[in-house]
Amino acid sequence: MANRQPTPRLAFVHLLEENQPQATAWLKGGQNFPEISGLVKFYDTPYGGVLIEAEIFNLPNISSPESTSFYGLHIHEYGDCSQDFSRTGEHYNPDGKNHPYHSGDLILLLGNQGYSWNAFYDKRFQIKDILNRSVVIHKNRDDFTTQPSGDSGQKIACGIILSNRS
């Protein structure tokens, strides 16, 4: 039998099972979608990046049986979710890169009749870099082309990334 090396997936599964993220963002819907809620968790990994887990409830397609929709998911510059999220600033982009290569661009959320869960790995930032910034869900999918932010539309939910460390 060949020498089997552990893969990063095994470490990621362990982190998710331990359920001790180093930072979290509790998301709440805005004025037009107040029923949206969810939690985004951020885990340090032994690979120099961050494991991100998102579980979101009551996305806009909840009332359409068997529906699926994509939503933009981004880290924004500022952790201010007031005034229907108008104060979150632009996508987090410390290196001044074009869209979709800046650090604030995350993978799309796939909502299945209002519910979404996903986990992914990102090596473009560390948790310390994103603390006190915001995670924002946009009403439309990010097209990963349009500058500067993917034409993802209205901000429909927001949460501030806070440290879970004492």
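Residues numbered from 1 in each chain as written. Predicted model: local features only at pLDDT ≥ 70, side-chain atom pairs only at ≥ 80, totals over all residues. Heavy atoms only, no water.

## Some points on the nonpolar core
In a soluble, globular protein the nonpolar side chains are often hidden away together inside. Stated formally: Within this scheme, the nonpolar core is defined by two criteria: the residues are buried Ala, Val, Leu, Ile, Met, Phe, Trp, Tyr or Cys, and they are joined through side-chain atoms within 4.5 Å. Remark: exposure states derive from per-residue accessible area (1.4 Å probe, protein chains only) relative to the maximum for the residue type, with buried under 20%, exposed over 50%, and partly exposed in between. Strands are runs of DSSP state E lasting at least two residues, helices are runs of H or I lasting at least four, and both sets are numbered from the N terminus onward.
Counting residues in each nonpolar core, the largest one holds 27 residues, and the members touching the most others are Phe42 and Ile137. It is strand 3 (residues 50-57) that provides the largest number of residues to this core, a total of four residues.

## Here's the deal with the state of the cysteines
Just so we agree on the cut-off: When two cysteine sulfur atoms lie within 2.5 Å, the pair is treated as a disulfide.
Scanning all chains against the criterion turns up one disulfide. The disulfide partner of Cys81 is Cys158, and the gap between their sulfur atoms is 2.0 Å. Here the S-S torsion is close to -65°, and the disulfide linking Cys81 with Cys158 is therefore left-handed. On the criterion of sequence distance, the pair formed by Cys81 in the loop between strand 4 (68-76) and strand 5 (109-112) and Cys158 in strand 8 (residues 155-160) is long-range, its members being 77 residues apart. On the basis of relative accessibility, which here comes to 3%, the residue Cys158 falls in the buried class.

## Overview of the environment of Pro100
Quick note on the threshold: Should any heavy atoms of two residues lie within 4.5 Å, those residues are considered in contact.
Here Pro100 shows up in the loop between strand 4 and strand 5. Judged by relative accessible area, which is 18%, Pro100 ranks as buried. Taking the C-alpha atoms as reference points, Pro100 and Phe144, 44 residues apart in sequence, are found 5.2 Å from one another. Not counting the four nearest positions on each side in its chain, Pro100 is found in contact with Asp105, Arg124 and Phe144.

## Here we look at the packing of aromatic side chains
To be explicit about the condition: In this analysis, rings of Phe, Tyr and Trp, with Trp reduced to its six-membered ring, are considered paired at centre separations within 6.5 Å, and the interplanar angle assigns stacked below 30 degrees, edge-to-face beyond 60, and tilted for intermediate values.
A complete count under the given rule lists three aromatic pairs for this structure. Note on Phe12 and Tyr121: the rings are 5.2 Å apart at their centroids and 25° apart in plane angle, and the pair reads as stacked. On the criterion of sequence distance, the pair formed by Phe12 in helix 1 (residues 8-18) and Tyr121 in strand 6 (residues 116-122) is long-range, its members being 109 residues apart. Look at Phe57 and Tyr115: their rings are 5.4 Å apart centre to centre, the planes differ by 55°, and that puts the pair in the tilted class. Of this pair, Phe57 sits in strand 3 while Tyr115 sits in the loop between strand 5 and strand 6, placing them 58 residues apart in sequence. Accessibility expressed as a relative area gives 35% for Phe57, which makes it partly exposed. Since its relative accessible area comes to 32%, Tyr115 is described here as partly exposed. An aromatic cluster of at least three residues, connected via ring pairs, comprises Phe12, Tyr47 and Tyr121.

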